[in-house]
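Close look at the chain arrangement
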Amino acid sequence: MASRRGGVFFPERPHNNTPSDGILSRVSSKISESPILYQGKQAASDAGFVAKKLLRRRWVELRRRWWCS
């Protein structure tokens with residue numbers, strides 16, 4: 001159903017989940033849900049966790065050396 005504003009008829013806007021979504025929307029949703037992307041995010045998260053642990057260990061070691069010297 002069309003809406004009327006100021007004497008001009010405007011067609012209704014399509015809903016976000018309709019089959020008439022653009023190709024870019026469909027492709028980007030396929031990419032964002034891909035298992036390769038998920039595995040990449042998981043690997044980055046694991047690398048960050050390991051780096052944080054290594055830096056913390058290094059900081060404790062440096063602090064201990066400074067305190068004992």
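As a starting point, this report considers the structure included with it. Computed from a prediction, not measured in an experiment: that's the story for all the values here.

**Digging into the overall build of the chain**
Of regular secondary structure, the chain possesses 2 helices and 2 strands. Helices (α) and strands (β) of the chain occur, in sequence order from the N terminus, as β-β-α-α. For the chain, buried positions account for 0% of its 69 residues. In the structure as shown, the chain presents an accessible area of about 7,100 Å², 62% of it carried by carbon and sulfur atoms.

**Some words on a nonpolar patch on the surface**
On the surface, I23, L24, V27, I31 and L37 cluster together to form a nonpolar patch covering roughly 490 Å² of accessible area. The dominant element in the nonpolar patch, judged by the number of residues it contributes, is helix α1 (residues 23-32), at 4 residues. Following the sequence through the fold, I23 ends up in helix α1.

**Some remarks on the packing of aromatic side chains**
A complete count under the given rule lists 1 aromatic pair for this structure. Look at W66 and W67: their rings are 6.4 Å apart centre to centre, the planes differ by 50°, and that puts the pair in the tilted class. Given the relative accessible area of 68%, W67 is considered exposed.

Reading guide: rules and limits
Residues numbered from 1 in each chain as written. Predicted model: local features only at pLDDT ≥ 70, side-chain atom pairs only at ≥ 80, totals over all residues. Heavy atoms only, no water. Helix = DSSP H or I, 4+ residues; strand = E, 2+ residues; numbered from the N terminus. Buried < 20%, exposed > 50% of the residue type's maximum accessible area, 1.4 Å probe, protein only. Areas by Shrake-Rupley, 256 points an atom, 1.4 Å probe, with all protein chains shown as cover. Patch = residues over 30% accessible without salt bridge, like charges linked within 9 Å, V, L, I, M, F, W, Y side chains within 5 Å. Salt bridge = Lys/Arg side-chain N within 4 Å of Asp/Glu carboxyl O. Phe/Tyr/Trp six-rings, centres within 6.5 Å; stacked < 30°, edge-to-face > 60°.

Geometric values such as these leave the question of function open.
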